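# Summary of the model geometry
Here are the chains, one letter per residue:
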Amino acid sequence: MTPVRIYIVIGGIMMKFAIVTGASRGLGEEVAKNLLTNDYHVITISRKRKTNDFKNFANENRQSYFHFSCDLSDLESLNDTAHEVVKTLNKNTVEELLIVNNAGMVTPMGPVGTLENHEIAKHVSLNLTAPMLLVNTLKAHVEADRFTVVNVTSGAAEKTIYGWNVYSSTKSAINMYTQTAALESDERGTNDLHIAFSPGVMDTDMQGEIRESDQDSFKDVESFRALKKEGKLRSAKEVADALQKVINNRDQIENGKIYRVNELI
Ligand SMILES: NC(=O)c1ccc[n+]([C@@H]2O[C@H](COP(=O)([O-])OP(=O)(O)OC[C@H]3O[C@@H](n4cnc5c(N)ncnc54)[C@H](OP(=O)(O)O)[C@@H]3O)[C@@H](O)[C@H]2O)c1
């Protein structure tokens, strides 16, 4: 069992907290588990929960675990949840606050002019607005000695892909957000770190959804079907392990950098 590292300071016990969005499955689930084994108390936010699994896992690792059920694409619900998270954190002495903005969606897919407007709006809220609101609220209201943000991005942020006009745009915007937040923290000397993490292709539900699309909506669908058939998708666990190494070496982190899994494994 991993020993619990406790930082004793005058007036309280310092603790490391991590917030992981979209930890009910896929990459987020593995990221949250890794954090629990690396001395972080973990707060997860998603629509569904893995309560028993995570509670037992957290107990085994002598960490606390809280879940907030929230549809992150619903901005009112997101705002309420962010303030509930603030209340939870402010009851504790926070040595480090790590936010992993992982929850995301790839749909709607299809060329401009064929999409439903409400689906575009939901996607932008989840992939872009939610991370920005969460980070802004927590930075404003939680006192942490160290504040670290990991925004999960995609290779799609850096290239044009037929049918992914929405997904490429939100991931590209999250990269720019990351770089700008890093620049601001460097110039203000606030010692916050903001990085993006590009996980590459992983064997998760999201890839299943991509394979189920049709060629009119997503021209490259056959090459994504082939990735699965040829066993070329990484497991979410392998990818989460690569991210954990970056997190564990916080002193070496380059503020504003887009970390790509291919360069880490
Ligand atoms: N899979 C890949 O190959 C790949 C490649 C590049 C980048 N990425 C990125 O990696 C991240 C994780 O992807 P994944 O493959 O692990 O995805 P996934 O298996 O589809 O899991 C998505 C997670 O996001 C949560 N989520 C979805 N909609 C939500 C909503 N409206 N409100 C709150 N939570 C919501 C889901 O939880 P609930 O359903 O319980 O809400 C789930 O936990 C995403 O940002 C994705 O863009 C993935």
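Residues numbered from 1 in each chain as written. Predicted model: local features only at pLDDT ≥ 70, side-chain atom pairs only at ≥ 80, totals over all residues. Heavy atoms only, no water.

## Examining the environment of Val-201
Relative to the helices and strands, Val-201 resides in the loop between strand S7 (193–198) and helix H6 (205–211). By relative accessible area, which is 27% here, Val-201 ends up partly exposed. Taking the C-alpha atoms as reference points, Val-201 and Asp-71, separated by 130 residues in sequence, lie 25 Å from one another. Once you skip the residues sitting within four places of it in the chain, Val-201 turns out to touch Gln-207, Phe-224, Leu-227, Lys-232, Leu-233 and Arg-234. (Helix = DSSP H or I, 4+ residues; strand = E, 2+ residues; numbered from the N terminus. Buried < 20%, exposed > 50% of the residue type's maximum accessible area, 1.4 Å probe, protein only. Contact = heavy atoms within 4.5 Å.)

## Observations regarding the packing of aromatic side chains
Summed over all chains, the structure comprises five aromatic pairs. Taking 5.3 Å as the distance between ring centres and 85° as the angle between the ring planes, the aromatic pair formed by Trp-164 and Tyr-167 counts as edge-to-face. Given a relative accessible area of 7%, Tyr-167 falls into the buried group. Counting every residue linked through ring pairs, the aromatic cluster contains Trp-164, Tyr-167, Phe-218 and Phe-224. Looking at Lys-219, its charged tip hangs above the ring of Tyr-162, at a distance of 4.4 Å from the centre. (Phe/Tyr/Trp six-rings, centres within 6.5 Å; stacked < 30°, edge-to-face > 60°. Lys NZ or Arg CZ within 6 Å of the ring centre and 35° of its normal.)

## Some points on the layout of surface pockets
There is about 1200 Å³ of room inside the largest pocket. Along the wall of the largest pocket there are 49 residues; nearest its centre are Gly-104, Tyr-167, Met-202, Thr-204 and Met-206. The dominant element in the lining of the largest pocket, judged by the number of residues it contributes, is H6, at five residues. Looking at side-chain class alone, the lining of the largest pocket contains 19 nonpolar, 17 polar and 13 charged residues. (1 Å grid on protein atoms, 1.4 Å probe; cavity = no way out; pocket = protein on both sides within 12 Å on 5 of 7 lines; lining within 4 Å. Points joined across faces, edges and corners; volume = space filled by probe spheres on them. Nonpolar A, V, L, I, M, F, W, Y, C, P; charged D, E, K, R; others polar.)

## Things to note about the environment of Phe-68
Inspection of the secondary structure puts Phe-68 in strand S4 (residues 65–69). By relative accessible area, Phe-68 is classed as buried at 16%. Beyond its immediate sequence surroundings of up to four residues, Phe-68 is in contact with Ile-43, Thr-44, Ile-45, Ser-46, Thr-81, Glu-84, Val-85 and Thr-88.

## A word on the packing of helix H3 (residues 75–90) against helix H4 (residues 117–141)
The geometry of H3 relative to H4 is characterised by a closest axis approach of 10 Å and an angle of 30° between their N-to-C directions. Seen along the crossing, H3 lies across H4 with a hand that is right-handed. For the pair formed by H3 and H4, the contact residues are Leu-75, Leu-78, Ala-82, His-83, Val-85, Val-86, Leu-89 and Asn-90 on the first element and Ser-125, Thr-129, Ala-130, Leu-133, Leu-134, Thr-137, Leu-138 and His-141 on the second. Looking at the contact of H3 with H4, its residues break down into ten nonpolar, six polar and no charged. (Axes fitted to C-alpha atoms, helices over the stretch in contact; angles between N-to-C directions. Left-handed = near helix turned anticlockwise from the far one by under 90°.)

## With respect to helix H8 (residues 236–248)
Its 13 residues place the ends of H8 18 Å apart at the C-alpha level, agreeing with the 18 Å of an ideal helix rising 1.5 Å per residue. Listing the buried residues of H8 in full gives Ala-236, Val-239, Ala-240, Ala-242, Leu-243, Gln-244, Val-246 and Ile-247. (Expected span 1.5 Å × (residues − 1).)

## Concerning the site of the ligand
Lining the immediate surroundings of the ligand are 30 residues, of which Arg-25, Arg-47, Asn-102, Tyr-167 and Thr-204 lie closest. Arg-25 is positioned with one of its side-chain polar atoms (N or O) 2.7 Å from an oxygen atom of the ligand. Here the ligand, which alone exposes 880 Å², has 97% of that area covered by the protein. When atom positions are compared with the pocket grids, the ligand is found to occupy the largest pocket. Looking at the shell around the ligand element by element, the count peaks at three residues for H6. Per-class residue counts for the shell around the ligand are twelve nonpolar, twelve polar and six charged. (Near = heavy atom within 4 Å. Polar contact = N/O pair within 3.5 Å; in protein donor to acceptor, adjacent residues only side chain to side chain. Areas by Shrake-Rupley, 256 points an atom, 1.4 Å probe, with all protein chains shown as cover. Sits in = over half its atoms within 2 Å of the grid points.)

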